[in-house]
Amino acid sequence: MSTVEYSAPSVAPRPLTDLDSEPLPRPTPRRRTPIGAEPEPDWRDSAACIGIDLNLFFPISTIGAIAQAQIDEAKSVCAECPVRRDCLAWALAVGPEFGIFGGCTDDERRRLRQRLNVEVN
Ligand code: SF4
C-alpha cells in the first residue's frame, strides 16, 4: 500500500471573495448520455482535479498540521480550477457531507449554505 505525503502547496488557497460579487451558477447534475450518442459537454470535464489522487480532497481530520497541509494543498488545486464555482454550487446544492469541493471544506460549506440561504436538495 502506498502512502501519500502532503507538503505545503505552491499556490496559497484564495479566499472565496467572488461569492459576494456575483451569484453562483445554477447547480447542474451530470446528464446521462443515451447509448451511442455523443456526450454533452459538462463542467466536470474541465475539473483541475482530474488525474489527481482524490484522497487529497478527503482528509481524515481537520485538526493538526498534517491535516491542514492536506487541506491547503487540495484548496490550492481548487483555487486554480476553471470550474470551481460550478463545483461549489453543485456541492452546496447536493450536500456531500465530507470532502473539499469548490475550494471549501464541509464545515465551510455548511456555514456558506447558511449565509447564502441554500437548501440541500
Ligand atoms: S473545484 Fe476543486 S474539487 Fe471541484 S472540480 Fe475543481 S479541483 Fe475538483
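Rules used throughout
Residues numbered from 1 in each chain as written. Predicted model: local features only at pLDDT ≥ 70, side-chain atom pairs only at ≥ 80, totals over all residues. Near = placed C-beta within 6 Å. Helix = DSSP H or I, 4+ residues; strand = E, 2+ residues; numbered from the N terminus. Nonpolar A, V, L, I, M, F, W, Y, C, P; charged D, E, K, R; others polar. Core = buried A, V, L, I, M, F, W, Y, C linked by C-beta atoms within 7 Å. Buried ≥ 20, exposed ≤ 12 C-beta atoms within 10 Å, placed from the backbone. Contact = placed C-beta atoms within 7 Å. Expected span 1.5 Å × (residues − 1).

Once that is clear, we can look at the site of the ligand. Taken together, 13 residues are adjacent to the ligand, and A47, C49, C78, C81 and C87 come closest. Of all the elements in the fold, those that place two or more residues in the shell around the ligand are α2 (65-79) and α3 (84-94). Its residues placed into classes, the shell around the ligand shows ten nonpolar, two polar and one charged.

Time to look at the nonpolar core. Of all hydrophobic cores here, the largest spans 17 residues; its most connected members are A74, C87, L88, A91, I100 and F101. Counting residues per element, the ones that place at least two in this core are α2 and α3. At six residues, the largest contribution of residues to this core is made by α3. Apart from the residues within four sequence positions on either side, F101 is in contact with C87, L88, A91 and P96.

Here the focus is the environment of D106. Among the secondary structure elements, D106 is positioned in helix α4 (residues 106-116). What makes D106 partly exposed here is the crowd of 17 C-beta atoms within 10 Å. As a C-alpha pair, D106 and T62 span 44 residues in sequence and 10.0 Å in three-dimensional space. D106 has contacts with E97, F98 and G99, leaving out every residue within four places of it along the chain.

Turning our eyes to something else, we now look at the environment of N121. Within the secondary structure, N121 sits in the segment after α4. Along the primary structure N121 and A93 are separated by 28 residues, whereas in three dimensions their C-alpha atoms are 5.7 Å apart.

Another aspect to go through is α2. End to end, α2 covers 20 Å across 15 residues, agreeing with the expected 21 Å (1.5 Å per residue, within 8%). For α2, every residue scored as buried is listed here: Q70, I71, E73, A74, K75, V77 and C78. Considering only its buried residues, α2 is in contact with α3.

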